[in-house]
Amino acid sequence: MEKVNGKSIVNGIAIGNILFYKKGEQAVKRIKIEDTQEEIRRYEAAKEVAVEQLNALYEKAVKEVGEMNAAVFEVHAMMVYDGDYIDSIKNIIESQQVNAEYAVATTGDNFSKMFSEMDDDYFKARAADVKDISERIVNILSGNEGGGNIGEEPVIIMADDLAPSETVQMDKDKLLAFVTRHGSSNSHTAILARTMNIPALIGAEIREEWDGKPAVIDGYTGTLYIEPDEDILSRMKQRQEEDEQTRSLLQNLKGKEDVTLDGKKIKLYANIGGVKDVAGVLANDAAGIGLFRSEFLYLEAEDYPSEESQFQAYKTVAENMAGRKVIVRTLDIGADKQIGYFNLEHEDNPAMGYRAIRICLDRIEIFKTQLRALLRASVFGNIAIMYPMIISVDEVRRIKEIMDLVKKELEVDGISYGNVEQGIMIETPAAVMISEQLAQEVDFFSIGTNDLTQYTLAIDRQNMKLDNIYDSHHPAVLEMIRMTIENGHKHNCWVGICGELGADPTLTRTFIEMGIDELSVSPSCVLPIRKNIREISLKE
Ligand code: PEP
Ligand code: MG
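Residues numbered from 1 in each chain as written. Chains lettered and ligands numbered in written order. Predicted model: local features only at pLDDT ≥ 70, side-chain atom pairs only at ≥ 80, totals over all residues. Heavy atoms only, no water.

K.L.:
So, the nonpolar core: which residues are in play, and what are the values?
P.N.:
Counting 106 residues, the largest nonpolar core has F178, F342 and Y387 as its most contacted members. Those residues in contact with Y387 that sit more than four places away from it in its chain are T330, I357, F367, L371, I399, M403, Q422, G423, I424 and M425. Grouped together as the second largest cluster of nonpolar side chains are 32 residues, V72, M79, I89 and I140 included. (Core = buried A, V, L, I, M, F, W, Y, C linked by side-chain atoms within 4.5 Å. Buried < 20%, exposed > 50% of the residue type's maximum accessible area, 1.4 Å probe, protein only. Contact = heavy atoms within 4.5 Å.)

K.L.:
Just give me the short version of the coordination of the magnesium ion (ligand 2), but keep the residues and values in it.
P.N.:
At 2.0 to 2.1 Å from the magnesium ion (ligand 2) lie its protein donor atoms, namely E427 (OE) and D451 (OD). Of the two residues, E427 is situated in the loop between strand 13 (421–426) and helix 15 (429–433) and D451 in helix 17 (residues 449–457); the sequence distance between them amounts to 24 residues. The residues E427 and D451 share a single accessibility class, namely buried. (Donors = N, O, S within 2.8 Å, 3.2 Å for Na, K, Ca; no water. Helix = DSSP H or I, 4+ residues; strand = E, 2+ residues; numbered from the N terminus.)

K.L.:
Can you tell me about the site of ligand 1, naming the residues and giving the values?
P.N.:
Around ligand 1 there are 16 residues in total, and R293, R329, G448, N450 and R461 lie nearest to it. The separation between an oxygen atom of ligand 1 and a polar side-chain atom of R329 is 2.8 Å. Here an oxygen atom of ligand 1 and a backbone polar atom of D451 are 3.0 Å apart. At the level of elements, helix 7 (188–196), strand 10 (288–293) and helix 17 are the ones that each hand at least two residues to the shell around ligand 1. Among the elements that make up the shell around ligand 1, the one with the highest residue count is helix 17 (three residues). Taken together, the residues of the shell around ligand 1 sort by class into four nonpolar, five polar and seven charged. (Near = heavy atom within 4 Å. Polar contact = N/O pair within 3.5 Å; in protein donor to acceptor, adjacent residues only side chain to side chain. Nonpolar A, V, L, I, M, F, W, Y, C, P; charged D, E, K, R; others polar.)

K.L.:
Give a detailed account of the packing of aromatic side chains, specifying residues and quantitative values.
P.N.:
Tallying each qualifying case throughout the model produces nine aromatic pairs. With a centroid separation of 4.8 Å and 75° between ring planes, the pair formed by Y304 and Y341 is classed as edge-to-face. Highlighted residues: Y304 in the loop between helix 10 (295–300) and helix 11 (307–320) and Y341 in the loop between strand 11 (325–329) and helix 12 (357–360), separated in sequence by 37 residues. The exposure class of Y304 is partly exposed, given its relative accessible area of 28%. With a centroid separation of 4.9 Å and an interplanar angle of 65°, the aromatic rings of Y304 and F342 are classed as edge-to-face. Of the two residues, Y304 is situated in the loop between helix 10 and helix 11 and F342 in the loop between strand 11 and helix 12; the sequence distance between them amounts to 38 residues. In this structure F342 comes out as buried when scored by relative accessible area, which is 2%. Cluster of aromatic residues (ring-pair linked, three or more members): Y298, Y304, Y341 and F342. Its guanidinium or amino end placed over the ring of F380, K315 lies 4.9 Å from that ring's centre, counting from NZ or CZ. The ring of F311 has R376 lying over it, and the distance from NZ or CZ to the ring centre is 4.0 Å. (Phe/Tyr/Trp six-rings, centres within 6.5 Å; stacked < 30°, edge-to-face > 60°. Lys NZ or Arg CZ within 6 Å of the ring centre and 35° of its normal.)

K.L.:
Hey, could you go over the environment of N284 for me, with residue numbers and the actual values?
P.N.:
Its place among the elements puts N284 in the loop between helix 9 (278–283) and strand 10. Apart from the residues within four sequence positions on either side, N284 is in contact with P523, S524, V526 and L527. A distance of 3.5 Å separates the side chain of N284 from the backbone oxygen of P523, its partner in a polar contact.

K.L.:
Describe in detail the pattern of salt bridges, supporting the description with residues and values.
P.N.:
One pass over the full model with this rule turns up 42 salt bridges. With its nearest N and O atoms 3.4 Å apart, the salt bridge here joins R329 to D332. Note on R329: relative accessible area 3%, which makes it buried. Between D394 and R398 there is a salt bridge, with the nearest N and O atoms lying 3.5 Å from each other. Taken together, the residues D394 and R398, both in helix 14 (residues 393–412) and four residues apart, mark about one turn of the helix. For D394, a relative accessible area of 46% corresponds to the partly exposed category. (Salt bridge = Lys/Arg side-chain N within 4 Å of Asp/Glu carboxyl O.)

Take a look at the structure:
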């Protein structure tokens, strides 16, 4: 048995086999080869497999999202057969006497760079496509068909690091836990682990040779056991059973109100990243959805999701929530959430760069498509819309103008929409400082403590080295929350918290004393926080 420590970001025990997740790109090595003709044959065979896969994906997508949205796979299949692309790969294999993986990856990089430098928007968008097909062929050649395919059995995923675009593609039913060498407790992959309520460790010294070995993760102590002995196994199984008992005790709180002993009612909502997470929201009896991170719809897709596919997703969530509030946050990409087909330029400081509402107010067509889909879905339930990364009143006014325009266009098309509340995320110190003015523009505020901590303390939430001083309990952050609530209430604007701090049981009382109206937490935290709220007496 071997034992390694990491930093735990989600409690709980996981028992299962390890799957060492390799990224397609990392696996590519330049290897000298003798028989170039054999290498070209390998490439030709992989190319055919890629086209078969793309055709199958096309068929699947036509059924799920319609012909128009599926067309991207048809384009990819055609690109695989592009003469210049094929010639370049064969030429690299022959002239440099190298392996097919390297030739494909190099060609993919060269073509992608060439496309991205073109003036024409259509060709710019092909940069991501050519990278995508090249990765597919490389994965086939190297027998590493990662891309979210993690096999049939539930596994403990081990990786150097995981990007949101990778975790989002994994089959959630097959994930027992995450263990990564890098990453930080406030990254989106960590948040995803919390939403799924699976144990997760970061900063663990992992080794590839553990691939396939049995392991246990103790999320309470941050310990990873490889090939655990009988004693550890039986202790951990017992702890799992105890956890199960606690969970079933909490079940008694289902259907109960979120109210303190002295009658102060709180809206206790849940955070989700996609349609599938609604099951967890309902199972944990949240009173609504306080944050639907809609960018995960974009991260899951191969190209810009259409109005229709977004409409279907929002409608499904709204219908399943049966009249309970569903707050959808508009697209919040950039920083750690990168999407190939957006072709965002490299930035030295992406967390403070071109992201979230800044992209939406610049690329208005993308924003309008999302707003149209949301408004159309609003007749099927109780949808509210909120906007991320706000720093000024001017931004909010521009958003409202675009919203009015979209409404008018829908009216012209004879399409009805519901009455949606509009709110903003308060996650920059600028928004806090002008919260009194902002409160006069919107119906509600939702405090994003993850980013608010990052920007207030000037600590990159992704930087693991600074994880120990990234302190959401910092008096500056707590004072900002208090101030936001106070200013919101001056103008009839209700205030919630949807950042991770909202689920911190040690602060529930503080937030209620400050006057918070809503807390939105991971689905698995709803019942523990309900228990907390119901035990609080403000007079004590
Ligand atoms: C936040 O910043 O607190 C938040 C809820 O948004 P995200 O974590 O998606 O940036
Ligand atoms: Mg945020």
